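Below, each chain spelled out in residue letters.
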Amino acid sequence: MESKSHRYYPSSELANPSQATRKSHMNIYVGNLPYTTTDEDLRAAFAPYGSVTSARVVFDRETGRSRGFGFVEMANSSEAHAAIEALNQTDMQGRQLRINEARARR
């Protein structure tokens, strides 16, 4: 019989035990960014809603041009949800942002 105090960790958490303590972190996808947006612009947009762990605009390797999307990681999932709710479908330099919780890579 299994002990109730034993916690099951998915194999991905076993490979990186620090992941088990990071449950409250959330990675956010930010799409339809203006091509002039920088990492700092992205961080500044999300900072009023909570602690931003990282903000990164994705660039094309060959051209060096922004691909028009990026990712923001926030330290607290409730703050992240508040940011998504507040910023999704808002205008940034003439473009309507598409913001949602990032999906795992395939």
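Residues numbered from 1 in each chain as written. Predicted model: local features only at pLDDT ≥ 70, side-chain atom pairs only at ≥ 80, totals over all residues. Heavy atoms only, no water.

Explain a positive patch on the surface here, please?
Together, Arg56, Arg61, Arg67 and Arg105 line one region of the surface with positive charge. Its location among the elements puts Arg61 in the loop between β2 (52–59) and β3 (66–74). Arg61 sits in the exposed class, given a relative accessible area of 85%. (Patch = residues over 30% accessible without salt bridge, like charges linked within 9 Å, V, L, I, M, F, W, Y side chains within 5 Å. Areas by Shrake-Rupley, 256 points an atom, 1.4 Å probe, with all protein chains shown as cover. Salt bridge = Lys/Arg side-chain N within 4 Å of Asp/Glu carboxyl O. Lys, Arg positive; Asp, Glu negative; His and termini not counted. Charge placed at Lys NZ, Arg CZ, Asp CG, Glu CD. Helix = DSSP H or I, 4+ residues; strand = E, 2+ residues; numbered from the N terminus. Buried < 20%, exposed > 50% of the residue type's maximum accessible area, 1.4 Å probe, protein only.)

Quick question: what am I supposed to make of the layout of surface pockets here?
Remark: the empty space left among the atoms is shown by a probe the size of a water molecule rolled over them. Estimated volume of the largest pocket: approximately 480 Å³. Secondary structure elements with two or more residues in the lining of the largest pocket: β1 (26–31), β2, β3 and β6 (98–101). (1 Å grid on protein atoms, 1.4 Å probe; cavity = no way out; pocket = protein on both sides within 12 Å on 5 of 7 lines; lining within 4 Å. Points joined across faces, edges and corners; volume = space filled by probe spheres on them.)

Just to check I follow, could you spell out the nonpolar core for this structure?
One recurring pattern in soluble globular proteins is that nonpolar side chains are buried together. Of all hydrophobic cores here, the largest spans 19 residues; its most connected members are Ile28, Val30, Leu42, Phe46, Val72 and Ile99. The set of elements that each furnish at least two residues to this core consists of β1, α2 (39–46), β2, β3 and α3 (77–87). Of all the elements, α3 adds the most residues to this core, at 4 residues. What Val30 contacts, discounting residues up to four positions off in sequence, is Leu42, Phe46, Gly68, Phe69, Gly70, Val72, Leu97, Arg98 and Ile99. (Core = buried A, V, L, I, M, F, W, Y, C linked by side-chain atoms within 4.5 Å. Contact = heavy atoms within 4.5 Å.)

Any chance you could explain the environment of Asn76 here in plain terms?
With respect to the helices and strands, Asn76 occurs in the loop between β3 and α3. A C-alpha to C-alpha distance of 7.2 Å links Asn76 and Ser51, two positions 25 residues apart in sequence.

How do you make sense of the packing of aromatic side chains when you look at a structure like this?
Scanning the model with the defined rule gives 3 aromatic pairs in all. Summarising the aromatic geometry, the rings of Tyr29 and Phe69 are spaced 5.9 Å apart at their centres and angled 35° between planes, so their arrangement reads as tilted. Of the two residues, Tyr29 is situated in strand β1 and Phe69 in strand β3; the sequence distance between them amounts to 40 residues. Note on Tyr29: relative accessible area 29%, which makes it partly exposed. Phe69 sits in the buried class, given a relative accessible area of 17%. Here Phe69 and Phe71 contribute two aromatic rings whose centre-to-centre distance is 6.0 Å and whose plane-to-plane angle is 90°, an arrangement assigned as edge-to-face. (Phe/Tyr/Trp six-rings, centres within 6.5 Å; stacked < 30°, edge-to-face > 60°.)

By themselves these figures say nothing about function.
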